[in-house]
Amino acid sequence: MGKSLKDIAEALNVSKTTVSWVLSGRGDEQKISSATQKKIIDYAKQVKYRPNYLAKSLSSGKTKTIGLVVPFIGDTFYAQVAMEVELVAEQLGYTVTFCSSESNPVRENNIIQMLRSKNIDGLIIAPTNYAKGELENLI
């Protein structure tokens, strides 16, 4: 497990909030000295700090994740669609969770419910002919 904001703050004897502001690029805005910012950034690089996206999503309410549900990911058409969706999502700072319903409406409904429970920010669906009820719930 990597270092957390709290670990960095304790190691450098600064507040967790200060570390958060610096690592999110808001150090100048918060009037944190350039020496402190450099110390935090250098230490974060040294310990290979990686943001905790789950924690970030809890505070922001955004997961930066889009769900993509297709009938069969092995189909060349849907594979191409998936690739294009992923490229555009990446440009916008999102990740994509890919799911294949195998053209099974029960599986498709379960996937949609699972993705919704993960609070994804968006959902792209190539629905089966029988998914009308779950799609109406989404709308």
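Keep in mind that what you see is a predicted model, and the values were worked out from it rather than measured.

J.: Just to check I follow, could you spell out the side chain of Q37 for this structure?
T.: Summarising the element assignment, Q37 is placed in helix α3 (residues 34-46). The class of Q37 is buried, set by a relative accessible area of 12%. If sequence neighbours within four positions are ignored, Q37 has contacts with V22, G27, D28 and I32.

J.: Would you take a moment to explain the pairing of strand β1 (residues 65-70) for this structure?
T.: Where a strand is regular, its side chains alternate between the two sheet faces. A large share of β1 lies buried, amounting to six of its six residues. Here six bridges tie β1 to strand β2 (residues 95-100), and the two strands are oriented parallel to one another. Its bridge partner being in β2, I66 is matched across the sheet by V96. Tracing the backbone out of β1, into helix α5 (residues 76-91) and back to the parallel element β2 gives a crossover that is right-handed.

J.: Can you walk me through helix α6 (residues 105-117) in this structure?
T.: Since there are 3.6 residues in each turn of an α-helix, residues three or four apart along the chain are aligned in direction. Between its first and last C-alpha, α6 extends 18 Å over 13 residues, near the 18 Å set by a 1.5 Å rise per residue. Of all the residues in α6, the buried ones are E108, I111, I112 and L115. For α6, the arc enclosing every buried residue in end-on projection is 100°, short of the 170-degree limit, so these residues lie on one face. Away from the buried face of α6 by more than 90 degrees, exposed residues V106 and S117 are located. The N-cap residue of α6 is N104: its side-chain oxygen and the backbone nitrogen of V106 are 2.9 Å apart.

Criteria and thresholds
- Residues numbered from 1 in each chain as written.
- Predicted model: local features only at pLDDT ≥ 70, side-chain atom pairs only at ≥ 80, totals over all residues.
- Heavy atoms only, no water.
- Helix = DSSP H or I, 4+ residues; strand = E, 2+ residues; numbered from the N terminus.
- Buried < 20%, exposed > 50% of the residue type's maximum accessible area, 1.4 Å probe, protein only.
- Contact = heavy atoms within 4.5 Å.
- Pairing = 2+ DSSP bridges.
- Right-handed = clockwise from strand over helix to strand, strands pointing away.
- Expected span 1.5 Å × (residues − 1).
- Arc of directions from axis to C-beta.
- Polar contact = N/O pair within 3.5 Å; in protein donor to acceptor, adjacent residues only side chain to side chain.

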